[in-house]
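Results of the structural survey
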Amino acid sequence: MSTETLRGCGTALVTPFDAEGRLDEPSIRALVDWQIEEGVHFLVPCGSTGEAATLSVEEHLRVVSIVVDQTAGRVPVVAGAGGNDTREAVELTRRVEEAGATHLLHVTPAYNRPPQRGLVEHFRTLADAATRPLVLYNVPGRTACNMEAETTLELAEHPNIVSVKEASGSTDQVSEIIRNRPEGFTVLSGDDSLTLPLLALGAEGVISVISNAVPAATARLVDAFDAGDHAQAEDLHYRLLPLMRDAFVESNPIPIKFALAHLGRIQDVLRLPLVTLAEEHRSAVVAALDHVGDV
């Protein structure tokens with residue numbers, strides 16, 4: 001896979017912690033290997049699912065370095081490097097590049113609520129400063145700031161901005177981007193439940209939460225659609241649908257960390273203010289995992 005073009009299934013990796021809340025480096029490495037062996041096409045550490053908001057800069061860079069080292073060039077590593085302060089985001093971008101990421105994931109600033117022209121200047125500044133390709137990340141449910149289709153399309157003309165992770169939940173907005181994007185600019189679903197609908201509209205893949213726990217099934221959904229086997233893609237969509245729902249019954253990554261712990265992949269440890277999954281939701285998450293079955 002080209003380091004420039006992103007397509008397929010990328011996993012928005014959780015950050016495993018040990019019982020004392022420290023980085024669990026062996027579990028990070030084991031998770032990376034399992035994801036690649038199961039067919040995931042690229043890895044995305046230190047995003048929302050990775051609890052980046054609670055990582056120190058040193059921990060953030062350590063996670064990226066571990067993922068890059070363990071990946072060993074087998075798949076691209078799209079590392080989170082965003083921030084509310086453009087100057088700080090530029091500095092983090094440079095340090096994440098030094099850690100070896102092949103791409104940089106930049107979320108719209110949270111809390112500031114900049115106007116659309118502010119978003120354009122923010123992302124252009126980052127793209128001009130970076131030596132690796134940028135992936136835009138629009139997730140208004142977390143940031144309280146929607147990057148409109150017109151803004152994404154304006155930014156897509158920058159030669160160092162190659163993709164967008166679209167989690168607005170609006171198929172109309174994504175359709176507008178796909179219809180008018182420049183050649184080579186890829187669109188990735190940021191909502192697991194919209195992966196198949198957005199592939200049908202022309203998107204190239206997904207940055208997935210549920211693929212942490214079910215990497216083979218999620219990757220094969222995208223592969224099947226790309227191969228023209230829409231019946232298999234549809235079957236996988238409906239097998240995954242309960243988990244697509246229950247993985248967000250509480251704030252991400254609370255349910256998916258519980259799912260991974262249930263599978264014996266990590267310890268069920270989060271950093272406050274996130275807490276472990278409420279007892280009343282646990283049986284549903286286990287049932288959703290069972291519903292996926294063998295792939």
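Numbers given for residues are sequential positions, taken from 1 along each chain in its written order. Where local features are concerned, this predicted model is filtered to residues with pLDDT of at least 70; where side-chain atom pairs are given and counted, the filter is 80 or more; whole-chain, interface and lining totals use all residues. Water and hydrogen atoms were dropped before computing side-chain values, which therefore reflect all heavy atoms in the structure.

**Section: the overall build of the chain**
Filter applied, for reference: Each helix is a run of H or I in the DSSP string that is no shorter than four residues. Each strand is a run of E no shorter than two, and both are numbered from the N terminus. Two things to know: the radius of gyration comes from C-alpha atoms, and the globule rule equals 2.2 Å times the number of residues to the power 0.38. Contacts were defined at the residue level, with two residues in contact if any of their heavy atoms lie within 4.5 Å. We get accessible surface area from the Shrake-Rupley algorithm with a probe of 1.4 Å; when it comes to residues, only the shown protein chains can shield them. Just so you know, the count uses Lys and Arg for positive and Asp and Glu for negative, and it drops His and the chain ends. Just so you know, the charge point we use is NZ for Lys, CZ for Arg, CG for Asp and CD for Glu.
Scanning the chain from N- to C-terminus turns up 12 helices and eight strands. Relative to the globule expectation of 19 Å for 295 residues, the C-alpha radius of gyration of the chain, 18 Å, shows essentially globular dimensions. When its C-alpha atoms are laid out on the principal axes, the chain stretches across 45 × 45 × 35 Å. Looking at the chain alone, contacts between residues at least 24 apart form 71% of all its contacts between residues at least 6 apart. Counting only carbon and sulfur atoms, one obtains 48% of the accessible surface of the chain, whose full area is about 12,100 Å². With 23 positive and 42 negative side-chain charges, the chain shows a separation of 3 Å between the mean positions of the two kinds.

**Comments concerning the nonpolar core**
This is how it is decided: By nonpolar core we mean a set of buried residues, namely Ala, Val, Leu, Ile, Met, Phe, Trp, Tyr and Cys, connected to one another through side-chain atoms within 4.5 Å. Think of it in three bands: with a 1.4 Å probe and only protein chains considered, a residue is buried below 20% of the maximum accessible area for its type, exposed above 50%, and partly exposed in between.
In this structure, Leu43, Val67, Val96, Val187 and Leu240 are the most contacted members of the largest nonpolar core, which totals 86 residues. Tallying contributions element by element places helix H9 (residues 215-226) first for this core, with six residues. Apart from the residues within four sequence positions on either side, Val96 is in contact with His60, Leu61, Val64, Ala79, Gly80, Ala81, Ala101 and Leu104. Among the nonpolar cores identified, the runner-up in size contains 12 residues, and Leu6, Ala12, Val78 and Ala167 belong to it.

**Comments concerning the pairing of strand S5 (residues 134-138)**
Put simply, the rule reads: Any two strands with at least two DSSP bridges between them are considered paired. Look down the strands so they point away from you; if going from the first strand over the helix to the second traces a clockwise path, that crossover is right-handed.
The buried count for S5 comes to five of five residues, which makes it a mostly enclosed element. Side chains Leu134, Leu136 and Asn138 of S5 all project onto a buried face; the interleaved residues Val135 and Tyr137 project onto the opposite face, where all are buried too. By the bridge criterion, four bridges tie strand S4 (residues 103-107) to S5 in an arrangement that is parallel. Its bridge partner being in S5, Val107 is matched across the sheet by Tyr137. Following the backbone out of S4, through helix H4 (residues 116-129) and into the adjacent parallel S5, one traces a crossover that is right-handed. Inspection of the sheet shows S5 paired to strand S6 (residues 161-166) by five bridges, in the parallel sense. Across the sheet, residue Leu136 finds its bridge partner in S6, namely Val164.

**Comments concerning the pattern of salt bridges**
Stated precisely, the cut-off is as follows: Note on definitions: salt bridges are taken to be side-chain nitrogens of Lys or Arg within 4 Å of carboxyl oxygens of Asp or Glu.
Across all of its chains, the model carries 15 salt bridges by this definition. A salt bridge links Asp18 to Arg22; the nearest nitrogen and oxygen atoms lie 2.9 Å apart. For Asp18, a relative accessible area of 12% puts it in the buried group. Judged by relative accessible area, which is 49%, Arg22 ranks as partly exposed. Of the charged contacts, one joins Glu59 and Arg271 as a salt bridge, the two residues approaching to 2.7 Å between their closest N and O atoms. With a gap of 212 residues between them, Glu59 in helix H2 (residues 57-71) and Arg271 in the loop between helix H11 (254-262) and helix H12 (279-292) connect regions that are remote in the sequence.

None of this, on its own, says anything about what the molecule does.
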